[in-house]
Amino acid sequence: MPRLLMGYLVPLNDKLEEDTSIPNIPLNQGPNYIGRHTTASLSDKRLSRKHLTLTASPDASAVLAVEGTNPIVVKSENTRKKLFPKDNATIHHGDVIELIPGHYLFKYKTLSGNENLDAHGVHNHKRGSNDRGKGAEVEELSRKRSRQLVPQEKGSNTSFKAEVEGSSLGAENRGNLQSKRDGSQVEAIQHFRVPNDKLPQTFRLLNVQGLPQWANTSCVSIGDVIQGDIVVAILSNYMVDIDWLIPACPKIAKVPHVLVIHGEGDGTLDYMKRKKPANWILHKPPLPISFGTHHSKAMLLVYPRGVRIIVHTANLIFVDWNNKSQGLWMQDFPWKDQNNPSKGCGFENDLIDYLSALKWPEFSVNFPNLGSFKINPSFFKKFDYSNAAVRLIASVPGYHTGTNMKKWGHMKLRTILQECTFDKEFRKSPLAYQFSSLGSLDEKWMAELASSMSSGLSDDRTPLGPGEPLIIWPTVEDVRCSLEGYAAGNAVPSPLKNVEKDFLRKSWARWMASHTGRCRAMPHIKTYTRYNGQKLAWFLLTSANLSKAAWGALQKNNSQLMIRSYELGVLFLPFKTCSSGFSCTSNGVPSEDKRGRPESSEASRTTLVTLNWHGNRNSDSSSEVIKLPVPYELPPQPYTIEDVPWSWDRRYNKKDVYGQVWPRHVQLYATQGS
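Thresholds, definitions, all that
Residues numbered from 1 in each chain as written. Predicted model: local features only at pLDDT ≥ 70, side-chain atom pairs only at ≥ 80, totals over all residues. Heavy atoms only, no water. Helix = DSSP H or I, 4+ residues; strand = E, 2+ residues; numbered from the N terminus. Buried < 20%, exposed > 50% of the residue type's maximum accessible area, 1.4 Å probe, protein only. Areas by Shrake-Rupley, 256 points an atom, 1.4 Å probe, with all protein chains shown as cover. Phe/Tyr/Trp six-rings, centres within 6.5 Å; stacked < 30°, edge-to-face > 60°. UniProt positions renumbered as here; feature names shortened; annotations may be inferred. Contact = heavy atoms within 4.5 Å. Pairing = 2+ DSSP bridges. Axes fitted to C-alpha atoms, helices over the stretch in contact; angles between N-to-C directions. Core = buried A, V, L, I, M, F, W, Y, C linked by side-chain atoms within 4.5 Å. Expected span 1.5 Å × (residues − 1). Polar contact = N/O pair within 3.5 Å; in protein donor to acceptor, adjacent residues only side chain to side chain.

A few words now on the overall build of the chain. The number of helices and strands found in the chain is 14 helices and 37 strands. When the 674 residues of the chain are sorted by exposure, 57% land in the buried category. Put simply, the chain shows about 28400 Å² of open surface, and 49% of that area lies on carbon and sulfur atoms.

Quick look at the structure:
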């Protein structure tokens, strides 16, 4: 006996209009299986063959159960809720289902809704009919019922009720309503908005193509940071694609003086020399120890009003600024008063020490109304960094001894943390290491690094104690199903011999980034943190991967630190800074308050939290809450027995989302072979 037709899934376009080019999916009474090949439009391999089940009932509702391996989203009115595998919920007429978050949108329409039926109970698609009758009453009832999704099983945590009832609250509080399933807010990044004068206290993620609009809230592109009347630009990076950079950021072509500090090899360097504008200077810093690289990613933009310091994680190539999870910090600093120059501070000393190690060829520049200056490391002492919101953590190659040991790498981090006190809740709290390349490690060095990362004192002046690290690293499935497919694995370059070491097995944790919409945007960002729930003791955004070359290794009975590569990062600490509100690109009047960050450990505290923090911002007026857009979810979820860490020198025959296998050729530059 044929089952009774109950309704349809009606395909929608990006504007949430019905897409008449794709057929509706009929829903009969009882279970209906939706997945890959249900219709010709659903052939995406991110969709499971049995992606979800819709069990339609005569009361115009349907029970939705997520059967596949990827989450889906249900939208009721203006509220969206993510459902994970094995979750289920009741949906009603008018609700919208996103089979993949942001993609494959379908509206659930019942036969008792706003559409008419013909004599045989089949949908009549004529629009604008006024013959609503009883169907209108049912639709109105359905609208009222759609104000919440009702859990169907004991233990299900997919209720919309709290989120919808909170719609009259401010965005801050609405964003704090979390998914109890994994402790993360749904689409939390869409509530991340920071006033311009507070931006230096946090960082931002880079825009990613192909994500829904909410996932790029407060995110930036290269044109957002390279702007204004720049007189001198110093671009520091590892990879530089001139053919992409200049069209992507036309402003850089108009800067009178550009110094590119890079880590490119001879072939690409020869191409860059032929293609670069005449006013550009190319410089590769000295690499005194073999197998080192210039890996730091930063920009120093000098203006008539001051200098903009940018530290970020993206190579100057297309895929890094468009397809991957990346981070960027930025702060503007004014010129010092030459008649009453302020003394240096920790940020200034660290910056000048680092720039001095680069050994670039100095050049002269004439600044309107200011005169001519030689552009060398000492030039950057002319700016007032007293309001710096972060500390710099840099690495430079060499065999560092004596006081120089404490200037670089993990020993610099250790030295700064040892001078800080943290809330007692961070005693023996865990560490998270997240990066995109894994060096050849051993247990001794991992303990050495953990010792530095575990430094710091509790409120009672006792050591915080050791923290257990978890390593956040994409799995083979993460890469295969990513926005780029297996091509993303080219930027996660770690061989099997480094990945398969037994002592690492207990540390692997998943790349899970649903609250920022970046589960499929593979990480090139590098971050290290000590956390307790959604609170952070400190947070480091850096170019440094997990390797001895980047962080340094102690030698000669701990009397020498050997570092191979140049790296640069910014360390966020829970101590108040007084933002001056200064901008190099606007004419606003900066604050006269020059207190900056007190250098003592007795500085008044802030509270560093993730976007998934659900406390009350105003619960403690004495402690300002600083939200950091940590792209992955904390606490990290350990690998399951099925998870396999990605390594780029293995063969993977299971096809990716583009039907490709690995290895495959990946083009990284606009002109390949340059």
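Next up on the list: unusual backbone geometry. A cis amide bond links Leu634 with the next residue in sequence, Pro635, at an omega value of -10°. Structurally, the position occupied by Pro635 is in the segment after β37 (624-628). A cis amide bond, omega 10°, links Trp662 with the succeeding residue Pro663. Mapped onto the elements, Pro663 comes out in the segment after β37. The residue Lys556 is not glycine, and still its phi comes out positive at about 50°. Following the sequence through the fold, Lys556 ends up in the loop between β33 (553-555) and β34 (560-563).

Between two aromatic rings, the relevant description is the distance of the centres plus the angle of the planes. A complete count under the given rule lists 28 aromatic pairs for this structure. The interplanar angle of 70° and the centroid separation of 5.7 Å between the aromatic rings of Phe367 and Phe373 together place this pair among those described as edge-to-face. Each member of the pair Phe367 and Phe373 is classed as buried. Ring geometry for Phe379 and Phe380: centres 5.1 Å apart, planes at 80°, overall edge-to-face. Through a chain of ring-to-ring contacts, the aromatic side chains of Trp335, Trp360, Phe367, Phe373, Phe379, Phe380 and Phe383 assemble into a single cluster.

Those places that UniProt annotates as "active site" (unreviewed entry) correspond, in this numbering, to His295 and His524. Separation in sequence by 230 residues is not matched in space for these annotated residues, since their most distant C-alpha atoms are only 12.7 Å apart. Along the chain, His524 turns up in the loop between β30 (508-509) and β31 (526-532). According to the relative accessible area criterion, His524 is buried, its value standing at 6%. In this structure His524 touches Lys297, Thr313, Ala314, Asn315, Asp320, Lys324, Ser325, Gln326, Ser436 and Ala491, once residues within four positions along its chain are discounted.

Judged by pairing direction, the sheet is antiparallel, and its three strands sit side by side in the order β25-β34-β33 without closing on themselves. On the outer flanks of this sheet lie β25 (398-401) and β33, each paired with one strand and no other. Direction aside, the axes of adjacent strands within the sheet are offset by 35° on average. Both β25 and β34 contribute to a ladder of four bridges, which runs antiparallel. Bridged to Gly398 within β34 is Ile563.

Let us look at the nonpolar core. Most often, soluble globular proteins keep nonpolar side chains buried together rather than apart. Among the nonpolar cores identified, the biggest contains 125 residues, and Trp329, Phe347, Phe380, Tyr433, Trp538, Leu546 and Trp551 are the most heavily contacted of them. When residues in this core are grouped by element, the largest group, seven residues, is from helix α9 (residues 346-358). Trp329 has contacts with Pro200, Thr202, Phe203, Ile309, Ile310, Val311, Phe347, Val390, Leu541, Val570 and Phe572, leaving out every residue within four places of it along the chain. The next biggest cluster of nonpolar side chains, apart from the first, holds 32 residues, and it includes Met272, Leu282, Ile310 and Cys584.

Between its first and last C-alpha, α9 extends 19 Å over 13 residues, near the 18 Å set by a 1.5 Å rise per residue. Where burial is concerned, most of α9 is hidden: ten out of the 13 residues are buried. Those residues of α9 lying buried are Gly346, Phe347, Glu348, Asp350, Leu351, Ile352, Tyr354, Leu355, Ala357 and Leu358. A positive phi of about 60° marks Lys359, the residue just after α9.

A few words now on the UniProt feature "site: Interaction with DNA" (unreviewed entry) in the chain. The feature "site: Interaction with DNA" (unreviewed entry), as annotated in UniProt, sits at Ser547 in this numbering. Along the chain, Ser547 turns up in the loop between β32 (535-542) and α14 (548-551). The class of Ser547 is buried, set by a relative accessible area of 14%. Those residues within four positions of Ser547 in sequence are excluded, and the remaining contacts are Gly439, Leu441, Trp445 and Gly552. Among the polar contacts made by the side chain of Ser547, one reaches the main-chain amide nitrogen of Ala550 at a distance of 3.1 Å.

To continue, consider the pairing of strand β22 (residues 363-367). Of the two faces of β22, the one holding Phe363, Val365 and Phe367 is buried and the one holding Ser364 and Asn366 is not buried anywhere. Pairing of β22 with strand β23 (residues 371-375), which is carried by five bridges, proceeds in the antiparallel orientation. In the sheet register, Phe363 faces β23, and the bridge partner there is Ile375. Counting the residues between successive antiparallel strands, the hairpin from β22 to β23 contains three residues, one of them, Asn369, with a positive phi of roughly 70°.

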